[in-house]
Amino acid sequence: MASAITTLAADAPTLSAANTGFMLICSALVMLMTPGLAFFYGGMVRVKSSLNMLMMSFISLGIVTILWVLYGFSLAFGTDSGSLIGWNSDYVGLSGIGITELWDGYTIPVYVFAVFQLMFAVITPALISGALADRVKFSAWALFTVLWVTVVYFPVAHWVWGAGGWLFELGVIDFAGGTAVHINAGAAALGVILVIGKRVGFKKDPMRPHSLPLVMLGAGLLWFGWFGFNAGSWLGNDDGVGAVMFVNTQVATAAAMLAWLGYEKLRHGSFTTLGAASGAVAGLVAITPSGGAVSPLGAIAVGAIAGVLCAMAVGLKYRFGYDDSLDVVGVHLVGGVVGSLLVGLFATGGVQSDVAGLFYGGGFEQLGKQAVGVFSVLAYSLVASALLAFLLDKTIGMRVSEDVEVAGIDQVEHAETAYDFSGAGGGAASRGTAAPAPSAASKKVDA
């Protein structure tokens, strides 16, 4: 008996300084993705709404961090209750956790796991904000964020990743958040915009990005941070799986960007910078659930398929009349669905687990499990998010007034503007003379 106890103790995980340091770096990379998303979205809107768009992402860093410490980590990763939610009083306020206490089965402290997962919780509601550009009260958005992460994100994270969560136990593969993050956010975005309606001038007025350099900067920061998002989700660096995920992240993103640009050239006749940035993000989204299950060749297929399908999907808002301002539905919902389902086709059975997809002799079983995960999260998030938006809209009101929307939400909601040209000089006004009134044509362009 003593010998068996000694052997068991010797096999127990011990704290790894290397894995702990690696995971802290990955956590910082995922944190950087939220400011990167802010720049990505902020450049895509008109100048009069750019600060509001930045703030709708940044506020998530404040709100979700506090909620995660108070009760979010406990709900998502505490002891399972009915396969739907978790709870552990030691996790409330992170007050009952020892500084060297290890996350069960791993070589990193609970604190490190908690802060890594926090960054996922932070960016997910921020993703939703891109669909609501130009027209939502900032106070209403902040309250929606509080309610949404509590009612939707924390439970879904437990379903997918928590020990005992029903999708986790079913065997749904989601390496880093195709269902819990991207489908969750994309479906929520669709639910909210169906409640709050279209922007003033949708399908009539030009609503072009005001700063494509900002969009490209944001896309670059997202791509950079996504290596931590994906490779870090293996929670260590001992067996090479994280390295495969790192490679597949790069490969799929490259393939998706090229596929989007190719579709764009054939469909519209041009290679655009917005298309390159959007294609890259589509590839990042699609490889997030699947990158630990596929080979690099499979990652090329995942990225290429996602690049084309997401490029096609962004135009659906004009056909069906829903105003998804910055294509959250077309990129994150569709990309998440594509990447999650393709696990059932391209999983090799030789990376994160021995589960094989249809093209590797595994039959339809895993594809069926992936479909259950995809459509259950989609349906729950869509309905719950729409209900939350409806309740807020009927109580405090979700939208700004039409006058505020037309004039510009930045000045009214934040008392600031993104760019101040008053001291630039060179114009008639700077020399003390009256500037000529703008022509009708210039007014149309500025709008």
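Check the entry above for the structure.
Residues numbered from 1 in each chain as written. Predicted model: local features only at pLDDT ≥ 70, side-chain atom pairs only at ≥ 80, totals over all residues. Heavy atoms only, no water.

Asker: For this particular structure, what's the right way to read the environment of Val412?
Answerer: With respect to the helices and strands, the residue Val412 is situated in helix H16 (residues 409-414). Residue Val412 is classed as partly exposed on the basis of its relative accessible area, which comes to 49%. (Helix = DSSP H or I, 4+ residues; strand = E, 2+ residues; numbered from the N terminus. Buried < 20%, exposed > 50% of the residue type's maximum accessible area, 1.4 Å probe, protein only.)

Asker: Got a minute to help me understand the packing of helix H11 (residues 296-313) against helix H13 (residues 328-346) in this structure?
Answerer: Two numbers describe a pair of packed helices, the interaxial angle and the distance between the axes. Here H11 crosses H13 at 145°, and the two axes come no closer than 9 Å. Of the two possible hands of crossing, H11 and H13 adopt the one that is right-handed. Each of Ala301, Val302, Ile305, Ala306, Leu309, Cys310 and Ala313 in H11 lies in contact with H13, whose residues at this interface are Gly330, Val331, Val334, Gly335, Val338, Leu342 and Phe346. The residue makeup of the contact of H11 with H13, split by class, is twelve nonpolar, two polar and no charged. (Axes fitted to C-alpha atoms, helices over the stretch in contact; angles between N-to-C directions. Left-handed = near helix turned anticlockwise from the far one by under 90°. Contact = heavy atoms within 4.5 Å. Nonpolar A, V, L, I, M, F, W, Y, C, P; charged D, E, K, R; others polar.)

Asker: Honestly, helix H9 (residues 241-268) in this entry has me stumped. Any pointers?
Answerer: Each full turn of the α-helix corresponds to 3.6 residues, which orients residues three or four apart in the same direction. Look at H9: 39 Å from first C-alpha to last across 28 residues, which is about the 40 Å you get at 1.5 Å a residue. Of the residues trailing H9, Gly269 is marked for its positive phi of about 90°. (Expected span 1.5 Å × (residues − 1).)

Asker: Which parts of the structure should I look at to understand the side chain of Ser211?
Answerer: Structurally, the position occupied by Ser211 is in the loop between helix H7 (178-196) and helix H8 (212-231). Beyond its immediate sequence surroundings of up to four residues, Ser211 is in contact with Gly43 and Tyr419.

Asker: What is the right way to look at the pattern of salt bridges in this model?
Answerer: A side chain of one charge can pair with a side chain of the opposite charge when the charged atoms of the two come close. Enumeration according to the criterion identifies seven salt bridges in this entry. In this structure, Arg46 and Asp134 form a salt bridge, with 3.2 Å as the shortest nitrogen-oxygen distance. Highlighted residues: Arg46 in the loop between helix H2 (17-44) and helix H3 (50-77) and Asp134 in the loop between helix H4 (110-129) and helix H5 (138-161), separated in sequence by 88 residues. The class of Arg46 is buried, set by a relative accessible area of 10%. A relative accessible area of 2% places Asp134 in the buried class. The salt bridge involving Arg135 is made with Asp323; its shortest N-O contact spans 4.0 Å. (Salt bridge = Lys/Arg side-chain N within 4 Å of Asp/Glu carboxyl O.)

Asker: Whenever I open this one, the packing of aromatic side chains confuses me. Can you help?
Answerer: For any pair of aromatic rings, geometry is given as the distance between the ring centres together with the angle between the planes. The tally for this structure, following the rule as stated, stands at 26 aromatic pairs. Ring centres of Phe202 and Tyr318 lie 5.8 Å apart, and the angle between their planes is 10°; this geometry places the pair in the stacked category. On the criterion of sequence distance, the pair formed by Phe202 in the loop between H7 and H8 and Tyr318 in helix H12 (residues 316-320) is long-range, its members being 116 residues apart. Classification of Phe202 by relative accessible area gives buried; the value is 8%. On the accessibility criterion, Tyr318 (45% relative accessible area) is partly exposed. (Phe/Tyr/Trp six-rings, centres within 6.5 Å; stacked < 30°, edge-to-face > 60°.)

Asker: I keep staring at the side chain of Gln370 and nothing clicks. Help me out?
Answerer: Note on placement: Gln370 falls in helix H14 (residues 365-395). The exposure class assigned to Gln370 is buried, which follows from its relative accessible area of 1%. Within the structure, the side chain of Gln370 is placed 2.8 Å from the side chain of Gln366, a separation counted as a polar contact. Beyond its immediate sequence surroundings of up to four residues, Gln370 is in contact with Gly171, Val172, Ile173, Ser340, Leu341, Val343 and Gly344. (Polar contact = N/O pair within 3.5 Å; in protein donor to acceptor, adjacent residues only side chain to side chain.)

Asker: For this particular structure, what's the right way to read empty space enclosed by the protein?
Answerer: Any space left empty among the atoms is revealed by the rolling of a water-sized probe across them. For the structure on display, the rule yields one cavity of 30 Å³ or more. What lines the largest cavity is Phe40, Met44, Trp260, Ser278, Val314, Leu326, Asp327, Val331 and His332. Those elements giving two or more residues to the lining of the largest cavity turn out to be H2 and H13. Tallied by class, residues from the lining of the largest cavity come to six nonpolar, two polar and one charged. (1 Å grid on protein atoms, 1.4 Å probe; cavity = no way out; pocket = protein on both sides within 12 Å on 5 of 7 lines; lining within 4 Å. Points joined across faces, edges and corners; volume = space filled by probe spheres on them.)

Asker: How do you make sense of a nonpolar patch on the surface when you look at a structure like this?
Answerer: The grouping of Val47, Tyr419 and Phe421 at the surface amounts to a nonpolar patch, some 320 Å² of accessible area in total. On the secondary structure map, Val47 appears in the loop between H2 and H3. (Patch = residues over 30% accessible without salt bridge, like charges linked within 9 Å, V, L, I, M, F, W, Y side chains within 5 Å. Areas by Shrake-Rupley, 256 points an atom, 1.4 Å probe, with all protein chains shown as cover.)

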